[in-house]
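# Structural overview for review
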Amino acid sequence: MLTPDAAPVLKAAEAALADVTPWKWDAIKEALHLALVEGLGLKPRQAFAPVRVAVTGRRVSPPLYESIELLGRERTLARLARALSASA
């Protein structure tokens, strides 16, 4: 479901989430928004769709930020890294 053009988005998301503290949905949302929408200049749909697929395995899922919070930092970063290697 991920194409090679998702790689920059996934890299930016991985970097943005690596140091998020506290690991709460609102801090996660802010970090991803800053990195993807403002940092890469993407529209929200373009920015968050690859992250959603990488983290949940689905195009449609429960709320993204809350899902990331529940999965935890290690599992989320591992899923992003796995998706990044698969999309390259």
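In the block above lies the structure referred to throughout.
Notes on the structure follow. Small disclaimer: the values here were computed from a predicted structure and weren't measured.

## Notes on the overall build of the chain
Each helix and strand in the chain was counted, giving 5 helices and 0 strands. Compactness check: the chain gives a C-alpha radius of gyration of 11 Å against a globular reference of 12 Å for 88 residues, within 12% of the reference. Seen through its C-alpha atoms, the chain measures out along the principal axes to roughly 30 × 25 × 20 Å. Within the chain, buried positions represent 41% of all 88 residues. The contacts of the chain with a sequence gap of at least 6 include a subset with a gap of at least 24, amounting to 64%. Surface exposure of the chain reaches about 5200 Å², of which carbon and sulfur atoms provide 56%. The positive charge centre, built from 12 side chains, and the negative charge centre, built from 9, are 9 Å apart in the chain.

## Description of the environment of His-33
Within the secondary structure layout, His-33 lies in helix α2 (residues 25-39). As for His-33 and Pro-44, which are separated by 11 residues in sequence, their C-alpha atoms are 8.0 Å apart.

## Observations concerning the side chain of Thr-76
The topology assignment puts Thr-76 in helix α5 (residues 73-87). Looking at Thr-76, its side chain comes within polar contact range of the main-chain oxygen of Ile-68, at 3.4 Å. Of note is the side chain of Thr-76, whose polar atom sits 2.7 Å from the backbone oxygen of Gly-72.

## Topic: the packing of helix α3 (residues 44-56) against α5
With their axes 8 Å apart at the nearest point, α3 and α5 run at an angle of 110° to one another. Between α3 and α5, the angle is such that the two are roughly perpendicular. The residues of α5 that touch α3, namely those facing Val-51, Ala-54, Val-55 and Thr-56, are Thr-76, Arg-79, Leu-80 and Ala-83. Broken down by class, the residue content of the contact of α3 with α5 amounts to 5 nonpolar, 2 polar and 1 charged.

Conventions used here
- Residues numbered from 1 in each chain as written.
- Predicted model: local features only at pLDDT ≥ 70, side-chain atom pairs only at ≥ 80, totals over all residues.
- Heavy atoms only, no water.
- Helix = DSSP H or I, 4+ residues; strand = E, 2+ residues; numbered from the N terminus.
- Rg over C-alpha atoms; globule rule 2.2 N^0.38 Å.
- Buried < 20%, exposed > 50% of the residue type's maximum accessible area, 1.4 Å probe, protein only.
- Contact = heavy atoms within 4.5 Å.
- Areas by Shrake-Rupley, 256 points an atom, 1.4 Å probe, with all protein chains shown as cover.
- Lys, Arg positive; Asp, Glu negative; His and termini not counted.
- Charge placed at Lys NZ, Arg CZ, Asp CG, Glu CD.
- Polar contact = N/O pair within 3.5 Å; in protein donor to acceptor, adjacent residues only side chain to side chain.
- Axes fitted to C-alpha atoms, helices over the stretch in contact; angles between N-to-C directions.
- Parallel < 35°, antiparallel > 145°, perpendicular 65-115°, else oblique.
- Nonpolar A, V, L, I, M, F, W, Y, C, P; charged D, E, K, R; others polar.

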